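# Descriptive analysis of the structure
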Amino acid sequence: MSQLQWYVYFIGFFFFFLGVYFYYQKRKEGINEKQKIFRNRAMYVFLSIAVICVGYSWI
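What you see is a predicted model; the values in this text were computed from it and never measured. (Residues numbered from 1 in each chain as written. Predicted model: local features only at pLDDT ≥ 70, side-chain atom pairs only at ≥ 80, totals over all residues. Heavy atoms only, no water.)

## Examining the overall build of the chain
Each helix and strand in the chain was counted, giving two helices and zero strands. With the C-alpha coordinates aligned to their principal axes, the bounding extent of the chain is approximately 45 × 10 × 10 Å. For the chain, the proportion of its 59 residues judged to be buried stands at 29%. Put simply, 67% of the contacts in the chain that link residues at least 6 apart link residues at least 24 apart. Surface accessibility of the chain: about 4700 Å² in total, with carbon and sulfur atoms responsible for 67%. (Helix = DSSP H or I, 4+ residues; strand = E, 2+ residues; numbered from the N terminus. Buried < 20%, exposed > 50% of the residue type's maximum accessible area, 1.4 Å probe, protein only. Contact = heavy atoms within 4.5 Å. Areas by Shrake-Rupley, 256 points an atom, 1.4 Å probe, with all protein chains shown as cover.)

Structure below.
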């Protein structure tokens, strides 16, 4: 792997952990529907970026 691929790989893991963080935040008790929708969208955005980054680093 080149140095750029390593950086993209680690950035992908960072976004993965952000996605997991938002996953657990959306499962909290006492939040309204608007907050759940935002956290759900943020989770999917971060997890999608993570998959793209890790996938790119393997090419």
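## What to know about the packing of aromatic side chains
Overall, the coordinates contain 11 aromatic pairs when judged by the stated rule. Taking 5.8 Å as the distance between ring centres and 65 degrees as the angle between the ring planes, the aromatic pair formed by Phe-14 and Phe-15 counts as edge-to-face. Judged by relative accessible area, which is 19%, Phe-15 ranks as buried. Centroid distance Phe-15 to Phe-46: 5.7 Å. Interplanar angle 25 degrees. Geometry classified as stacked. Separated by 31 residues along the polypeptide, Phe-15 in helix α1 (residues 3–26) and Phe-46 in helix α2 (residues 33–58) bring together distant segments of the chain. Ring pairing ties together the aromatic residues Phe-14, Phe-15, Tyr-21, Phe-22, Phe-38 and Phe-46, which thus form one cluster. (Phe/Tyr/Trp six-rings, centres within 6.5 Å; stacked < 30°, edge-to-face > 60°.)

## Thoughts on a nonpolar patch on the surface
Together, Met-1, Trp-6, Phe-10 and Trp-58 make up an exposed nonpolar region whose accessible area comes to about 530 Å². Looking at the secondary structure, you find Trp-58 in helix α2. (Patch = residues over 30% accessible without salt bridge, like charges linked within 9 Å, V, L, I, M, F, W, Y side chains within 5 Å. Salt bridge = Lys/Arg side-chain N within 4 Å of Asp/Glu carboxyl O.)

## A look at the nonpolar core
With six residues, the main nonpolar core is built from Phe-15, Phe-22, Ala-42, Met-43, Phe-46 and Ala-50. In terms of residues, this core owes the most to one element, α2, which gives four residues. When neighbours within four sequence positions are excluded, Phe-46 is seen to be in contact with Phe-15, Leu-18, Gly-19 and Phe-22. (Core = buried A, V, L, I, M, F, W, Y, C linked by side-chain atoms within 4.5 Å.)

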